[in-house]
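An overview of the molecular structure
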Number of protein chains: 2
Amino acid sequence: MELLKRKILNEAVVVDDRVIKVDSFLNHQMDIELFNEIGKEFKKRFAKKEITKLLTVEASGIGIAVISAQYFHVPVIFAKKHDAVNLDRETFQSEVYSFTKSKSYNIRVAKNYLSPKDKVLIIDDFLANGNAALGMIKIVRDAGAEVAGLGIVIEKRFQNGRDKIIMEGIQLESLAIIESLKNGDIIFQDSATN
Amino acid sequence: MELLKRKILNEAVVVDDRVIKVDSFLNHQMDIELFNEIGKEFKKRFAKKEITKLLTVEASGIGIAVISAQYFHVPVIFAKKHDAVNLDRETFQSEVYSFTKSKSYNIRVAKNYLSPKDKVLIIDDFLANGNAALGMIKIVRDAGAEVAGLGIVIEKRFQNGRDKIIMEGIQLESLAIIESLKNGDIIFQDSATN
């Protein structure tokens, strides 16, 4: 997605070989016009799939999922990461290990909102090691529902998330795929294979 | 806002005299068509104000703010509550005491994204004691920016948030104002005074 790649090249800050900061438009300040283009692109890439719900995880996935949902005309659920006082006791849950934070956390979805009839498109801002995505996949499958696909804004191809998702037999669509951040340079995967 | 009140009457669960659960459409599963009506209503109520940014706080304010931003054509910032590895060191911050969780937490916005030129509409899902809203007001003012208003989806009028906001001289617009949850009954403020 050229618009997104341009935005990354113009505004992202490469922190080190593995970390890129996109605070100015994606996950702190949010560029809603860009989000709409992202939503349209997800709709195009999953046009053939029947989808009944979008699932994401708090916090930075929420904005993208909510704008994208306008193109799918379905509700969004966000998995809760933190102690949610009001959350139902009956939840589907999954443990996710975060390399960035070097700790595990639970993500949870109330059982009421996923059923075996659901075909769920999972949306997130980043794919790196794939752990958050795998956690959401587990939740959808524990509910007896179907994972219709995984839509990612920025994939860090040099980590191994993609391989894990493909092994699960899931259609993965990443709108910008970064091959390398070495020496402060952002190298995208050749768009021919993108 | 009648549509919202109907939704609350039909789907909300009254947990006790002070707590209402709106997980099915507002802050776990999210009804995007309703969010669009909420966004339009905020735009109508703040039509006379010049607004350059929307500010909310993670996680449940994000969906509403992002959809609303489509009617204001401005970016959204969400204040971060949790340890954000990638957040700039230079932040505006504010301590917020949560009665629900009986603890304090910091909310933070990177200094890059608020300037004295900004006129900021603050958006949140709930107004109860007003502490989260006051925290965001402090951040906007610390940046030298102007608080253009506070847009709330559900106000619990029996708590004292409204009084604190009005004392700050801020236009407060709540789309559903609940006067009482006693005996499991949801009583809205008379719409004549709403």
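The present account deals with the structure reproduced in this document. (Residues numbered from 1 in each chain as written. Chains lettered and ligands numbered in written order. Predicted model: local features only at pLDDT ≥ 70, side-chain atom pairs only at ≥ 80, totals over all residues. Heavy atoms only, no water.)

**A closer look at the nonpolar core**
By size, the foremost hydrophobic cluster in this structure holds 79 residues, and its most contacted members are A:Ile8 and B:Ile8. If near-sequence neighbours (up to four positions away) are discounted, B:Ile8 is found in contact with B:Ile20, B:Phe25, B:Ile154, B:Ala176, B:Ile186 and B:Phe188. Within the second largest apolar cluster, 28 residues are counted, among which are B:Ile77, B:Met136, B:Leu150 and B:Leu172. (Core = buried A, V, L, I, M, F, W, Y, C linked by side-chain atoms within 4.5 Å. Buried < 20%, exposed > 50% of the residue type's maximum accessible area, 1.4 Å probe, protein only. Contact = heavy atoms within 4.5 Å.)

**Observations concerning the packing of aromatic side chains**
The description of two aromatic rings rests on the distance between their centres and on the angle between their planes. All names here are of chain A. All told, the structure shown has two aromatic pairs over all chains when counted by the stated rule. Note on Tyr97 and Phe99: the rings are 5.1 Å apart at their centroids and 90 degrees apart in plane angle, and the pair reads as edge-to-face. When the ring centre of Phe188 is taken as origin, the NZ or CZ atom of Lys5, which lies over that ring, is 5.6 Å away. (Phe/Tyr/Trp six-rings, centres within 6.5 Å; stacked < 30°, edge-to-face > 60°. Lys NZ or Arg CZ within 6 Å of the ring centre and 35° of its normal.)

**Things to note about the pairing of strand 9 (residues 146–156) of chain B**
All names here are of chain B. With respect to burial, strand 9 is a largely interior element, ten of its eleven residues being buried. Each parallel crossover has a hand, and for strand 8 (residues 119–127) linked through helix 4 (residues 131–142) to strand 9 it is right-handed. On the question of chirality, the crossover connecting strand 9 to the parallel strand 10 (residues 172–180) by way of helix 5 (residues 161–167) is right-handed. (Helix = DSSP H or I, 4+ residues; strand = E, 2+ residues; numbered from the N terminus. Right-handed = clockwise from strand over helix to strand, strands pointing away.)

**Thoughts on the packing of helix 2 (residues 32–45) of chain B against helix 3 (residues 60–72) of chain B**
All names here are of chain B. Viewed as axis vectors pointing N to C, helix 2 and helix 3 meet at an angle of 55 degrees, and their least axial separation amounts to 8 Å. In terms of orientation, helix 2 lies oblique with respect to helix 3. In terms of crossing hand, the pair formed by helix 2 and helix 3 is right-handed. On the side of helix 2, the interface is formed by Ile32, Phe35, Asn36, Ile38, Gly39, Lys40, Phe42 and Lys43, while helix 3 contributes Gly63, Ile64, Ile67, Ser68, Gln70, Tyr71 and Phe72. Among the residues making up the contact of helix 2 with helix 3, the classes are represented as eight nonpolar, five polar and two charged. (Axes fitted to C-alpha atoms, helices over the stretch in contact; angles between N-to-C directions. Parallel < 35°, antiparallel > 145°, perpendicular 65-115°, else oblique. Left-handed = near helix turned anticlockwise from the far one by under 90°. Nonpolar A, V, L, I, M, F, W, Y, C, P; charged D, E, K, R; others polar.)

**Structural notes on helix 1 (residues 2–11) of chain B**
All names here are of chain B. Of all the residues in helix 1, the buried ones are Leu4, Lys5, Lys7 and Ile8. Looking straight down helix 1, one finds its buried side chains confined to an arc of 160 degrees; they lie on one side. When the buried face of helix 1 is taken as reference, the exposed residues oriented beyond 90 degrees from it are Glu2 and Asn10. Where helix 1 is buried, its residues meet strand 2 (20–21), helix 2, strand 9, strand 10 and strand 11 (187–188). (Arc of directions from axis to C-beta.)

**What about the interface of chain A and chain B?**
Listed as interface residues are 39 residues of chain A and, on the opposing side, 39 residues of chain B. Taken together, the links from chain A to chain B amount to 15 residue pairs in polar contact (both at pLDDT 80 or more). Mapped by element, the contributors of at least two residues to the side of chain A that touches chain B are strand 2 (20–21), strand 3 (29–30), helix 2 (32–45), helix 3 (60–72), strand 5 (76–79) and strand 7 (103–110) of chain A. (Polar contact = N/O pair within 3.5 Å; in protein donor to acceptor, adjacent residues only side chain to side chain.)

**What to know about the environment of A:Phe99**
Residues and elements named next belong to chain A. Within the secondary structure, Phe99 sits in the loop between strand 6 (91–98) and strand 7. Sequence-wise, Phe99 and Asn131 are 32 residues apart; in three dimensions their C-alpha atoms are separated by 9.0 Å. Contacts of Phe99, omitting those with residues within four sequence positions, involve Asn129 and Asn131.

**A short note on the layout of surface pockets**
Residues and elements named next belong to chain A. In this structure, the second largest pocket occupies an estimated 1000 Å³ of space. Residue lining of the second largest pocket: 40 residues in total, with Lys81, Ser98, Thr100, Lys101 and Phe126 positioned closest to the centre. Elements with a contribution of two residues or more to the lining of the second largest pocket: strand 2, strand 6, strand 8 (119–127) and helix 4 (131–142). The class makeup of the residues in the lining of the second largest pocket is 17 nonpolar, eleven polar and twelve charged. (1 Å grid on protein atoms, 1.4 Å probe; cavity = no way out; pocket = protein on both sides within 12 Å on 5 of 7 lines; lining within 4 Å. Points joined across faces, edges and corners; volume = space filled by probe spheres on them.)

**What about the pattern of salt bridges?**
Pairs can form between side chains of opposite charge once their charged atoms are near each other. Across all of its chains, the model carries 30 salt bridges over all chains by this definition. Measuring nitrogen to oxygen at the nearest pair gives 2.7 Å for the salt bridge that ties A:Asp142 to A:Lys138. In this pair, A:Asp142 and A:Lys138 are both assigned in helix 4, four residues apart and thus about one turn of the helix distant. Its relative accessible area of 40% is what places A:Lys138 among the partly exposed residues. A salt bridge links B:Glu37 to B:Lys40; the nearest nitrogen and oxygen atoms lie 3.1 Å apart. On the criterion of helical spacing, the pair formed by B:Glu37 and B:Lys40 is a turn pair, its members being three residues apart in helix 2. When its relative accessible area of 32% is taken as the criterion, B:Glu37 is described as partly exposed. We classify B:Lys40 as partly exposed; its relative accessible area is 41%. Taken together, the shared-partner salt bridges in this structure form one network comprising A:Glu41, A:Lys44, A:Arg45 and A:Glu173. (Salt bridge = Lys/Arg side-chain N within 4 Å of Asp/Glu carboxyl O.)

**Focus: the sheet that holds strand 11 of chain B**
Strand order in this open sheet of seven strands is 3(A)-5(B)-4(B)-8(B)-9(B)-10(B)-11(B), and the pairing throughout is mixed. Each edge of the open sheet is held by one strand with a lone partner, namely strand 3 of chain A together with strand 11 of chain B. Both strand 3 of chain A and strand 5 (residues 76–79) of chain B contribute to a ladder of two bridges, which runs antiparallel. In the sheet register, A:Gln29 faces strand 5 of chain B, and the bridge partner there is B:Ile77. In the packing of helix 3 of chain B onto the sheet, contacts are made with strand 3 of chain A together with strand 4 (53–57), strand 5, strand 8 and strand 9 of chain B, and the angle to strand 4 of chain B comes to roughly 170 degrees. Where helix 4 of chain B meets the sheet, it contacts strand 4, strand 8 and strand 9 of chain B, and its direction lies at approximately 165 degrees from that of strand 8 of chain B. (Pairing = 2+ DSSP bridges.)

**A closer look at the relation of the copies chain A and chain B**
Rotating chain A by 180 degrees about the axis while translating it 0.0 Å along that axis superimposes it on chain B, leaving an RMSD of 0.0 Å. On the angle and the small slide along the axis, the relation comes out as a two-fold axis. Taken as a fraction of all interface residues of chain A, those also at the interface in chain B reach 100%, which identifies the copy contact as same-surface. (Least-squares fit on C-alpha atoms with pLDDT ≥ 70 in both.)

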